[in-house]
Amino acid sequence: MHPEIWAAVTMLLPSVIAAAYAQRFPFVSEVRLASFGCILHCPWSCVLHVYRALGTNHRVRTVLYKLDVNFIHVHALCQGYAWRGKHLLFDYILHGVSLVYIWKSDPLADPSVKMIVNVLVAVAVVQSSLGLLRFSLSHWMLVLCMWIVAFWIHCWKPFGPFSSAVFHAMLAGPEWILLKCMTGKVQAPSKGGGMEKG
């Protein structure tokens, strides 16, 4: 099977975990929101990798790349809000600036754009997990280490054409830890049972 098809298949793993948690905890709004963000990103990434395997139009591929990366920011925004239960202006500025930059940039004309996009994604992903840091330092450190290794694989391609597939598979671990800890936080007696209304 083509390496990009493997990348599309392994991208399903975090969403399978998210869907399982959303189904297991249907009345926990935090888990539903974080899971929704993960699942919402998945199709764009899968379509991008399938197109890389089968398509040839670089402009279409660039648009799919931008959609993929934009929905990483949507996922991060959902996850950050799910942890805190409140809006932060910083989140909207970070993701808004990132989305505008991604859409206005042209990675075909300037390959350095992808490195800037990677940095913006890394900042957004770490920002979205700060609620876990407040809940459990050890779990947050574990997630951070897994992300660092995964991003290293994404950037340096040690597995050659299968690096994207390995990268995506590695994202399943942090997704599971984040959702497991989120359910633990919500179900803890001192924390109450969900996001405050109003």
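Relevant structure appears above.
Read on for an overview of the structure. (Residues numbered from 1 in each chain as written. Predicted model: local features only at pLDDT ≥ 70, side-chain atom pairs only at ≥ 80, totals over all residues. Heavy atoms only, no water.)

1. Here's the deal with the overall build of the chain
- Each helix and strand counted, the chain has nine helices and zero strands in total.
- When the helices and strands of the chain are read in sequence order from the N terminus, they spell out α-α-α-α-α-α-α-α-α.
- For the chain, whose C-alpha radius of gyration is 17 Å, the value lies close to the compact-globule estimate of 16 Å for 198 residues.
- Taking all 198 residues of the chain together, 46% fall into the buried category.
- Sequence separation of 24 or more characterises 70% of the internal contacts of the chain that already satisfy a separation of 6 or more.
- In the structure as shown, the chain presents an accessible area of about 10300 Å², 72% of it carried by carbon and sulfur atoms. (Helix = DSSP H or I, 4+ residues; strand = E, 2+ residues; numbered from the N terminus. Rg over C-alpha atoms; globule rule 2.2 N^0.38 Å. Buried < 20%, exposed > 50% of the residue type's maximum accessible area, 1.4 Å probe, protein only. Contact = heavy atoms within 4.5 Å. Areas by Shrake-Rupley, 256 points an atom, 1.4 Å probe, with all protein chains shown as cover.)

2. Examining the packing of helix 2 (residues 29-54) against helix 9 (residues 172-187)
- Where helix 2 meets helix 9, the axes come as close as 9 Å, and the angle between the chain directions of the two elements is 165°. In terms of orientation, helix 2 and helix 9 fall into the roughly antiparallel class. In the packing of helix 2 onto helix 9, the handedness of the crossing is right-handed. Packed against helix 2, whose contacting residues are Glu30, Val31, Ala34, Ser35 and Cys38, the element helix 9 presents Glu175, Leu179, Met182, Thr183 and Val186 at the interface. (Axes fitted to C-alpha atoms, helices over the stretch in contact; angles between N-to-C directions. Parallel < 35°, antiparallel > 145°, perpendicular 65-115°, else oblique. Left-handed = near helix turned anticlockwise from the far one by under 90°.)

3. Things to note about the nonpolar core
- Val117, Leu132 and Leu179 are the most contacted members of the largest nonpolar core, which has 38 residues in total.
- Elements supplying a minimum of two residues to this core: helix 1 (3-24), helix 2, helix 3 (58-84), helix 5 (113-128), helix 7 (137-156) and helix 9.
- With eight residues, helix 3 is the single largest residue contributor to this core.
- Apart from the residues lying within four places of it in its own chain, the contact partners of Val117 are Tyr65, Val69, Tyr101 and Ile102. (Core = buried A, V, L, I, M, F, W, Y, C linked by side-chain atoms within 4.5 Å.)

4. Considering the packing of helix 3 against helix 9
- Direction vectors running N to C along helix 3 and helix 9 enclose 25°, while the axes themselves pass 11 Å from each other. With respect to helix 9, the element helix 3 is oriented roughly parallel. The interaxial crossing formed by helix 3 with helix 9 has left-handed handedness. Mapping the contact onto sequence places His75, Gln79, Ala82 and Trp83 in helix 3 and Glu175, Leu178, Cys181, Met182 and Lys185 in helix 9.
- Considered class by class, the residues forming the contact of helix 3 with helix 9 number five nonpolar, two polar and two charged. (Nonpolar A, V, L, I, M, F, W, Y, C, P; charged D, E, K, R; others polar.)

5. Thoughts on the environment of Leu77
- Within the secondary structure layout, Leu77 lies in helix 3.
- For Leu77, a relative accessible area of 25% gives the class partly exposed.
- Expressed as a C-alpha distance, the spacing of Leu77 and Pro3, which sit 74 residues apart in the sequence, is 30 Å.
- Setting aside residues up to four positions removed in sequence, Leu77 forms contacts with Asp91, Tyr92 and His95.

6. Examining the packing of aromatic side chains
- Evaluation of the coordinates by the stated rule reveals four aromatic pairs.
- Aromatic pair Trp83 and Phe135: ring centres 6.4 Å apart, planes at 40°, arrangement tilted. Taken together, the residues span a long stretch of sequence, with Trp83 in helix 3 and Phe135 in helix 6 (residues 130-135) at a distance of 52 residues.
- Look at Phe135 and you get partly exposed, because its relative accessible area is 35%.
- Consider the rings of Phe151 and Phe167, whose centres lie 5.9 Å apart with planes at 45°: the pair is tilted. (Phe/Tyr/Trp six-rings, centres within 6.5 Å; stacked < 30°, edge-to-face > 60°.)

7. Brief notes about the side chain of Arg84
- Of note, Arg84 is situated in helix 3.
- Given a relative accessible area of 19%, Arg84 falls into the buried group.
- Not counting residues up to four positions away in its chain, the partners in contact with Arg84 are Asp91, Gln127 and Arg134.

8. Thoughts on the pattern of salt bridges
- One pass over the structure, following the stated rule, counts two salt bridges.
- For Arg59, the salt bridge is made with Asp106, and the minimal N-O distance between the two is 3.8 Å. Here the residue Arg59 occupies a position in helix 3, and Asp106 occupies one in the loop between helix 4 (89-104) and helix 5, the gap between them amounting to 47 residues.
- The class for Arg59 is exposed, based on a relative accessible area of 53%.
- Under the relative-accessibility criterion, Asp106 is labelled partly exposed at 26%.
- Between Asp91 and Arg84 there is a salt bridge; the shortest N-O distance is 2.1 Å. The same class applies to Asp91 as to Arg84, namely buried. (Salt bridge = Lys/Arg side-chain N within 4 Å of Asp/Glu carboxyl O.)

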